[in-house]
Structures are given as C-alpha cells and as structure tokens.
Amino acid sequence: MAIFDRLRMPTFAGATGWLNSDPLGPDDLRGHVVLADFWTFTCINWLRTEPYIRAWAEAYRDDGLIVVGVHTPEFSFEHETPRVQEQVRQRAIDYPVALDNNYDVWRSFSNNYWPALYFVDPEGVVRDHHFGEGRYEESERVVQRMLGVNRDLVQVVGRGVEAEADWANVRSPETYLGSARGERRVGADRLSLNEWSLAGEWTVGAEQVVLDEPGGSISFRFSARDAHLVLSRRTEEPIPFRVSLDGAEPGASHGLDVDEDGTGVLDEGQLYQLIRQPDVVREHTLEISFLERGAEAYVFTFG
C-alpha cells in the first residue's frame, strides 16, 4: 500500500521478553519475509485470525517466512508472562512471540489495533498491512508474492472460539464493563437489546467490575450466535459460575466453557465462551452468576 512505500520495519528492541525464540534483531530477520502480528490473548478478533497465522507460519517457514507475534496486553492481567505462555501452549503457537508489556514495539510501529498484520519484504521494507479480521486470501497472496512462490492457498477451518463469526446474525457490539469505556448499563428491571445490568454487590473499576459478595450476577440482552465474556479472578481458588438463557438452562446453546446445565468454572484469566446457538439465532437475555466473591468481568464480545 502507498502509505508504506519504502518504510522500513521498526525493530523489536522494545520487547520485554521473548517466547519460543531468543530475541530477534535486524541481523536475524535480514533476507526473510517477516509477518508481524500484534495480538492480545483475550481478543476474540485475534482468536479468529490465529488459525490462519499458524497455518501460514507452518506452510511458508521453509520458503523463508518468519512470523513474529507481538503480544501487547490490553488488560492488566495480560501482562503476566505465565498467562501468555499458557495461551501460547493452548493455541499451539510455535513461532517467535515478542512480549510488549510496555507498548514500545506497538508505538514503534505506530499501531492502534488488535489484531494488526504488517508484511515486510526481505529488504526490511513494510509492503502491506491489515487491521482486524478477514482479507485472508489477499493476505496470503501478499506473503506468496514477497516469497516468490505461487501455489494453492492453505485450507483453514477455525474451531471452538477460533471459528469464524456468524456475521449475518451479529447484532450486538463489543461492550466493555469498566468505567473507562463502559456504556449501555441500565437497571435490572427489563433489558432492551444490547443493554446490560449488575445484580449484587460490585465495585466498578476503570477496566472491570469486581464482585464483592457471593451470588452477584451480570445480565446482557444480546443477539448473536456466540456470546463471550473476558473474566479473571482475585481469589486463590477457582470460582464456580452458572449461566442461564432467558432464565433457563442453556441446553444445546451452551458455549465451550459452560455445560448444558449452565455450570462453569472461572479459573484462568481469559475469554470464556458462554453461549453458542446451534441453529436459528434469536435475541436472548444471558445471565451469569458467581457463587463466590472475587470474579472480575471485563468485556462482552459476540460472534
């Protein structure tokens, strides 16, 4: 793209650590096509792109492609290296990952988005970029052109939370719960589409809402196939929770992190899939209640 004509790729010198690799400097990357992928592990938009990044890293590694994941955390708990390491393990990420806890790499690229891809040729010049999901075929062709190869595109099918969203039926937006970006919170009497409410004793912080007493709940009126919630905890022990859909057990509409009867456990800080409607997508009220204090809730996302 014209905006990147002859713009050289910044270095990764600002990284606070590395996973799957020693630190990579200009000498290590010279002569290679580089794909820099900015991500944060709770981001549903990144999770749905990750199957493609993994596939490209494997398919073109022997042709000279180096994928560098840049983990720039959105929320405070995402700064913790063991949490990132666990997500790298769960996602079977084997390419180098630069930890960007101080946002130095983010700023050096003048980046503003998760996910964000920067395509760099063997001379170190940024030739293309893409922000967000989609454009997979074109992005892979960019990689092929810079590598000088021409073959069939890799076949990718995302599964679980990595599955492509049902875009035709998504009517609910990403919704933050903390005071810094929270909106559309209302009383608990009756929710309209995309409104949410708290019940019980909660403390509202800038990033998140934190449950002060057992039994508190969050309700959200949504319309989408999938409903997710980023959660963490302030307790030493995992926190049991229960999810209902219009006041009943979710049954076949339960998400990956919830049983058919609506039970689940908040353990690791991560994105939890609460609902996946298997058939016709309808508008529903989701409620998640926590049996113990200490639950932290950050953002709802949909797909």
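Before reading on, note that the structure itself is shown above.
For clarity, every value in this text was computed on a predicted model and none was experimentally measured. Along each chain, the written sequence defines residue order, and numbers are assigned to residues from 1. The predicted origin of the model limits local features to residues at a pLDDT of at least 70 and limits the giving and counting of side-chain atom pairs to 80 or more, whereas totals for whole chains, interfaces and linings rest on all residues. For side-chain calculations, the full set of non-hydrogen atoms in the structure is used, while hydrogens and water are omitted.

### Considering the packing of aromatic side chains
For any pair of aromatic rings, the description rests on two quantities: the centre-to-centre distance and the angle between the ring planes. Any two rings among Phe, Tyr and Trp, with Trp reduced to its six-membered ring, count as a pair given centres within 6.5 Å; such a pair is stacked if its planes are under 30 degrees apart, edge-to-face if over 60, and tilted if neither. All chains considered together, the criterion is met by 25 aromatic pairs. Aromatic side chains F75 and F77 sit 6.3 Å apart centroid to centroid with 15° between the ring planes, which places their arrangement in the stacked category. Burial classification: accessible surface area is computed with a 1.4 Å probe over protein chains only, and a residue below 20% of its type maximum counts as buried, one above 50% as exposed, and the rest as partly exposed. Judged by its relative accessible area of 5%, F77 is buried. Between the aromatic rings of W106 and W114, the centroid separation amounts to 4.8 Å while the plane-to-plane angle is 45°, which identifies the pairing as tilted. The buried category is assigned to W106, whose relative accessible area is 9%. Through successive ring pairs, a cluster of aromatic residues spans F12, W18, F38, Y103, W106, F109, Y113, W114, Y118 and F131. Lying over the aromatic face of Y176, R181 brings its terminal NZ or CZ to 3.7 Å of the ring centre. Ring-over charges, as used throughout, are those where CZ of Arg or NZ of Lys falls within 6 Å of the ring centre and within 35 degrees of the ring normal.

### Structural notes on the nonpolar core
What we call a nonpolar core is a set of buried Ala, Val, Leu, Ile, Met, Phe, Trp, Tyr and Cys residues that are connected through their side-chain atoms within 4.5 Å. Ranked by size, the top nonpolar core spans 40 residues in total, and within it L35, W39, W56, L65 and V97 carry the most contacts. When contributions to this core are tallied by element, the ones reaching two or more residues are β2 (33–39), α2 (44–60), β3 (65–71), α3 (81–90), β4 (97–99), β5 (116–120), α5 (136–147) and β17 (295–302). Secondary structure elements are taken from DSSP: a helix is a run of H or I of four residues or more, a strand is a run of E of two residues or more, and numbering for both begins at the N terminus. Looking at this core element by element, the count peaks at nine residues for α2. We call two residues in contact whenever any of their non-hydrogen atoms come within 4.5 Å of each other. What L35 contacts, discounting residues up to four positions off in sequence, is I53, W56, L65, I66, V67, V68, L117, Y118 and F119.

### Quick notes on the pattern of salt bridges
By convention in these notes, a salt bridge is any Lys or Arg side-chain nitrogen within 4 Å of a carboxyl oxygen on Asp or Glu. Inspection of the entire model under this criterion finds 22 salt bridges. Here D63 and R151 are joined by a salt bridge, their closest N and O atoms 2.4 Å apart. Remark: R151 occurs in the loop between α5 and β7 (175–176) and D63 occurs in the loop between α2 and β3; sequence separation between them is 88 residues. Note on D63: relative accessible area 30%, which makes it partly exposed. Here the salt bridges share partners, and the residues they tie into one network are E50, R54, R91 and E162.

### Section: the packing of α2 against α5
Between N-to-C directions, angles cover 0 to 180 degrees, with each direction set by a line fitted to C-alpha atoms, over the stretch in contact for helices. Between α2 and α5, the least distance of the axes is 12 Å, while the angle of their chain directions is 20°. Between α2 and α5, the interaxial angle falls into the category roughly parallel. Considering how the two elements wind past one another, α2 and α5 form a crossing that is right-handed. Judged by residue contacts, R48, T49, Y52, W56 and Y60 of α2 engage Y136, S139, E140, V143, Q144 and L147 from α5. The classification used treats Ala, Val, Leu, Ile, Met, Phe, Trp, Tyr, Cys and Pro as nonpolar, Asp, Glu, Lys and Arg as charged, and all other residues, Gly among them, as polar. A per-class count over the contact of α2 with α5 returns six nonpolar, three polar and two charged. The cut-offs work like this: below 35 degrees is roughly parallel, past 145 is roughly antiparallel, 65 to 115 is roughly perpendicular, and the gaps in between are oblique. Each helix crossing is assigned a hand: it is left-handed if the near helix lies turned anticlockwise from the far helix by less than a right angle, otherwise right-handed if that turn is clockwise.

### Things to note about the environment of G178
Within the secondary structure, G178 is located in the loop between β7 and β8 (196–199). With a relative accessible area of 1%, G178 lands in the buried category. When the C-alpha atoms of G178 and G262 are compared, they prove to be 25 Å apart, with 84 residues separating the residues in sequence. Sequence-distant contacts of G178, defined by excluding residues within four places in its chain, comprise G205, A206, E207, Q208 and Y298.

### A short note on α3
A turn of α-helix holds 3.6 residues, and therefore any two residues three or four places apart point the same way. Listed in full, the buried residues belonging to α3 are R83, V84, Q87 and V88. On an axial view of α3, the arc spanned by its buried residues comes to 140°, and they lie on one face. Facing away from the buried surface of α3 by more than 90 degrees, the exposed residues are P82 and R89. In the core, the buried residues of α3 are packed alongside β1 (17–19), β2, β3, β4, β12 (226–233) and β15 (270–276). Along the arc lie the directions from the helix axis toward the C-beta atoms.

### Comments concerning the sheet that holds β4
Spatial ordering of the open sheet is given by β1-β4-β3-β2-β5-β6, a layout of six strands whose pairing is mixed. Either end of the sheet is taken by a strand with one partner, and the two such strands are β1 and β6 (126–131). Between one strand and the next, the sheet's axes are offset by a mean angle of 20°, whatever the strand orientation. For two strands to pair, DSSP has to find at least two bridges joining them. As judged from the five bridges shared by β2 and β5, these two strands associate in the antiparallel manner. Across the sheet, the residue bridging to A36 is Y118, located in β5. Strands in contact with α2 are β2, β3 and β5; relative to β2, the strand with the most contacts, it is inclined by about 160°. In the packing of α3 onto the sheet, contacts are made with β1, β2, β3 and β4, and the angle to β1 comes to roughly 25°.

### Let's talk about the pairing of β5
Burial of β5 is extensive: five of the five residues sit out of reach of the surface. Because side chains alternate across β5, one face comprises the buried residues A116, Y118 and V120, and the other comprises L117 and F119, equally buried. Bridge analysis of β5 against β6 gives five bridges, and the strand direction is antiparallel. Among the inter-strand pairings, V120 is bridged to a residue of β6, identified as V126. Once β5 ends, the chain turns through five residues before running back antiparallel as β6, passing G124 with a positive phi of about 85°.

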